[in-house]
Amino acid sequence: MMKDVTRRVFGASLLAGTGAMAVRRLRTLGVLHDRRKPISHVAILYAESYAAPLERILTDGLRLFHLNLGGKTVLLKPNLVEHIPDTEVNTNPLLVGAAADVFLELGAREVIVAEGPGHERDTYLVLSETGFESQLRLHQLRFVDLNRDELVRVPLKTRFMGLDSLWLPRTVLKADFIVSMPKVKTHHWAGVTLSLKNMFGIMPGVAYGWPKNVLHWKGIDRSILDINAAVPVHFVIADGIIAMEGNGPLHGSARTLGRIVLSDDPVAADFTCARLMGLNSWRVPHLAQAAEFLGNGATERIQQLGESLPRSVRPFAVLPEFAHLVPEATRTPLELQQRHPR
Amino acid sequence: MTFLPLASQIHFRVLRKGPDHLLHIEPERAAGFNERYPAKVNPVVKRPFGNTQTARELVDIDQHVEFVACGHGAAVGKPGFNSRERNGRMVVCGGHGLLIEQRHNSAKKALRRDSEDAIRVSEECSAKRQMSMPTIGGILAFLQNPGVRSATTRLLIDELVRRSSPEHGAWGFITEQEATEPTVLALLALSRSEHQNLVRLGLGILLRRQLADGQWPAVASLRGGCPWATALAANALLLLSPWNCPLKSALSSLIRSAPSEAFWLYRLKFRMTDTHVRFDPNKYGWGWAPGTISWVIPTAMALIALERSRRMNLVDAKELERRLDLGYAMLLDRMCPGGGWNAGNSVVYNVALAPHIDASAIALSALRRHCRRPEVQQSLAWLLSAHCSSAYSLAWRILATRSYLDVQPDVRTNIEEAREQLMSVIQDLAQLADATTIALALLALRDDINPFAVEPA
């Protein structure tokens, strides 16, 4: 059994490592545009529960970033999959409502909530059952069903999936400031689902099926890279107040983290979330590859605002296929290299 | 008399409660609303709530008040209508000069009196091509009076016509971008209305959008065809233009269209390595797009189209039977353990998935010929008991269960209840954002047409 796990860990690490190396090579050859900032900023905010004063917590947190939102249209993209009673599957609607109010207070012209649920075709039912509908009404927010929005063909500069273009919703393309609001969860196909994976939800069901089946077949990790290269995420508010471990993203167990993660870089946000989850981000293929051109993963290039990372973390439970994400496993040479500033 | 348009559901926030219990509305929202309805709203927002205990209890600072504009009347309600039944939002309702408290106290009498007005108002509105929000009384009347159902149908027809593209005859989902699904459903919903010109135009556009391989794209601007859109379009042609040559090529393309599991290498993959999803890859149907695996909704819709065309002998009978058998087997294989269907799988990582109403309804429509099978009976029982607050799913449920009237005695009552609920939920304008929902609601409220009904065996 131990041998099996070690072999799997080695295989998976090698896969993530070689993928990242290939991406790095493409970047150095100039095929991939390097979008990494010199320094990314991440703030970890403490929020005991959803009953906490979320608006105040977010206001304090967002002020650290000195965002210029004057007159901008802000698009909030929560992770809204489907309703499973007594299971924290979706980004909590209270957090989304609070974020909308704060962005308006910070000068945004309009805040739109937009999502294209992956499994359920009945978007209204998902909104209503998950409590989003009442939050939308309460905060007078416009919701756009991205599964059925107007499609615009966008040529791809990256070709991880082998496609030359993507059909994207006009509402997303028109937004001035895109905020990915993932739920911090493990994922039975991708390892983790955080701000980069959350952008899968912008892909319109009318073009890609339910649950975005065309893209799943092209490869989840590859799709995530292409989508995020085509649609830059400007900001992240990750819901880690109650996260999910084990058999995520739908049938895992609740895990109270009591944290909200804010960042101006989705890769930095995901690396930080993975660290909070006690998982090795460099072994998640799409994170390792995204850190080569989309954003910063190395701690040296992430400036921590607010609360610092905890010294020790009890790793999230993962499915056996993802045992290699738990740090006790062997480190790959690439990871060792990543530990030093480049 | 001022008619409030469909988009007349507005949210106010109570900013402060004055000494005289005035309802103070956020200035910019009040301004926007007053501009549109000056005569109606000013008296409402400035009207004192009075010193009743009810008002004090219900109107708190920062409480959001949902103002439901009702019919042709001004909203002059005292906040007495049960707020907690509406997720904690207070509903200030009015109309016809009746105070809500009066309605509440002598509910039935007042509501009946209102219902007659509601019918008249609805008819007047539709004559002016405007939508009105029926009054509470109107809603009750819908439940009791078939005439009001026709009034609702009329309003939905008008709304659907209004949403057709500027050149007419094509529809988009939530925007004007032409798409096959809303166009097909709208054409079916309008097929027996007086808008025959529009239907003819729409049918022409639909036929022009057919691709060389016989398929339809999901959205007109997409390059490739998709089995779901093709199956929907084939169903529309079966009803609207059954002897048309494009129908034959559509059916042939459905028979030719095979998902990934049709190829042995993928079957091997699912048997050897990709084993976390429990299903039999030998049983397959249709996917959302070429090159992907089978999913419940496109499979069920393709089965409905092929089954409904069976008698017309438009395609090779042997191939037709083969695909029908495979498709039925796939649906039965993917059924959730307790009945009903999820999007595509029933058990993933040893966890049983919960059924979805729309997927279950479309699958049951397809499986009508197998209605005596225990799996179908179990799924029907699940569907009949499923709670639903959404017009889209309710409409699919009604359309599906209408095929089972002769199978289970309680289906008729269930359909009537579902229709009442449907007429109630479509008062919420957010439910009608998508043209497909309007079309489906129309089809579900009509008795004379069910384009997805498969003949019993």
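Residues numbered from 1 in each chain as written. Chains lettered and ligands numbered in written order. Predicted model: local features only at pLDDT ≥ 70, side-chain atom pairs only at ≥ 80, totals over all residues. Heavy atoms only, no water.

Engineer: Explanation requested: the overall build of chain B in the structure shown.
Structural biologist: Looking only at helices and strands, chain B has 19 helices and five strands in total. Burial analysis of chain B (457 residues in total) assigns 61% to the buried set. Taking contacts inside chain B between residues at least 6 apart in sequence as the whole, the part at least 24 apart equals 66%. (Helix = DSSP H or I, 4+ residues; strand = E, 2+ residues; numbered from the N terminus. Buried < 20%, exposed > 50% of the residue type's maximum accessible area, 1.4 Å probe, protein only. Contact = heavy atoms within 4.5 Å.)

Engineer: I keep staring at the confidence of the model for chain B and nothing clicks. Help me out?
Structural biologist: When pLDDT is low, close inspection of the predicted coordinates is not appropriate. All names here are of chain B. When pLDDT is averaged along chain B, the result is 74; 67% of the residues meet or exceed 70. Across residues 1–145, confidence stays below pLDDT 50; counting only partners more than four residues off in sequence or on other chains, it has 248 contacts. On the interface metric, ipTM, the complex scores 0.88, and its pTM is 0.79. (pLDDT = per-residue confidence, 0-100.)

Engineer: Would you mind showing me how to read the nonpolar core here?
Structural biologist: The nonpolar side chains of a soluble globular protein tend to be buried, and buried together. Formed by 187 residues in total, the largest nonpolar core has its most connected members in B:Leu160, B:Leu331, B:Leu422 and B:Phe452. Here B:Phe452 is in contact with B:Leu185, B:Leu188, B:Leu232, B:Asn235, B:Met301, B:Ile304, B:Arg308, B:Ser365, B:Trp396, B:Leu399 and B:Leu443, once residues within four sequence places are set aside. (Core = buried A, V, L, I, M, F, W, Y, C linked by side-chain atoms within 4.5 Å.)

Engineer: In this structure, what is going on with the side chain of B:Ser253? I would like to understand it.
Structural biologist: Residue and element names in this part refer to chain B. Mapped onto the secondary structure, Ser253 falls in helix H11 (residues 245–256). For Ser253, a relative accessible area of 2% translates into the label buried. Setting aside anything within four residues of it in sequence, one finds Ser253 in contact with Asp213, Gly214, Gln215 and Thr230.

Engineer: In this structure, what is going on with the pairing of strand E11 (residues 253–263) of chain A? I would like to understand it.
Structural biologist: Successive side chains on a regular strand alternate, one facing one side of the sheet and the next facing the other. All names here are of chain A. Burial analysis of E11 places eight of its 11 residues in the buried class, the great majority of the element. Both strand E1 (residues 40–46) and E11 contribute to a ladder of four bridges, which runs antiparallel. Pairing of Leu45 across the sheet is with Ile260, part of E11. Strand direction decides the pairing type here: strand E10 (residues 235–245) and E11, joined by nine bridges, are antiparallel. Bridged to Asp239 within E11 is Ile260. (Pairing = 2+ DSSP bridges.)

Engineer: Just checking my understanding: could you explain the interface of chain B and chain A for this structure?
Structural biologist: Accessible area lost during the coming together of the parts is what is often quoted as the interface size. Residue-level contacts link 47 residues of chain B with 38 residues of chain A. Linking chain B to chain A there are three salt bridges. B:Glu181 is paired through a salt bridge with A:Arg121; the nearest N and O atoms lie 2.7 Å apart. Contributing elements (two or more residues each) for the side of chain B that touches chain A: strand E1 (9–13), strand E2 (64–68), helix H12 (264–272) and helix H17 (391–401) of chain B. (Salt bridge = Lys/Arg side-chain N within 4 Å of Asp/Glu carboxyl O.)

Engineer: Could you clarify how one ought to interpret the pattern of salt bridges in this entry?
Structural biologist: Pairing is possible between side chains of opposite charge, provided their charged atoms come close. Residues and elements named next belong to chain B. Counting across every chain of the model gives 33 salt bridges over all chains. With a closest N to O distance of 2.9 Å, Arg368 and Asp406 form a salt bridge. Of the two residues, Arg368 is situated in the loop between helix H15 (357–366) and helix H16 (374–385) and Asp406 in the loop between H17 and helix H18 (411–425); the sequence distance between them amounts to 38 residues. The class for Asp406 is exposed, based on a relative accessible area of 51%.

Engineer: How should the side chain of A:Lys185 be read in this particular structure?
Structural biologist: Residues and elements named next belong to chain A. Among the secondary structure elements, Lys185 is positioned in strand E8 (residues 183–187). Among the polar contacts made by the side chain of Lys185, one reaches the main-chain carbonyl oxygen of Val89 at a distance of 2.7 Å. One polar contact links the side chain of Lys185 to the main-chain carbonyl oxygen of Pro249, over a distance of 3.2 Å. Residues within four places of Lys185 in sequence aside, it is in contact with Asn79, Val81, Val89, Val192, Thr193, Leu194, Met244, Pro249 and Met277. (Polar contact = N/O pair within 3.5 Å; in protein donor to acceptor, adjacent residues only side chain to side chain.)

Engineer: For this particular structure, what's the right way to read helix H2 (residues 54–63) of chain A?
Structural biologist: Owing to its 3.6 residues per turn, the α-helix brings residues three or four apart onto one side. Every buried residue of H2(A) is accounted for by A:Leu54, A:Ile57, A:Leu58, A:Thr59, A:Gly61 and A:Leu62. Those residues of H2(A) that are buried lie in contact with E1, helix H3 (93–105), E10 and E11 of chain A.

Engineer: When you look at a nonpolar patch on the surface in this model, what are you seeing that I'm missing?
Structural biologist: Residues and elements named next belong to chain B. A contiguous nonpolar patch, built from Trp264, Leu265, Leu268 and Met272 and spanning about 500 Å² of accessible area, is present on the exposed surface. Along the polypeptide, Met272 turns up in helix H12. Assessed through its relative accessible area of 61%, Met272 is described here as exposed. (Patch = residues over 30% accessible without salt bridge, like charges linked within 9 Å, V, L, I, M, F, W, Y side chains within 5 Å. Areas by Shrake-Rupley, 256 points an atom, 1.4 Å probe, with all protein chains shown as cover.)

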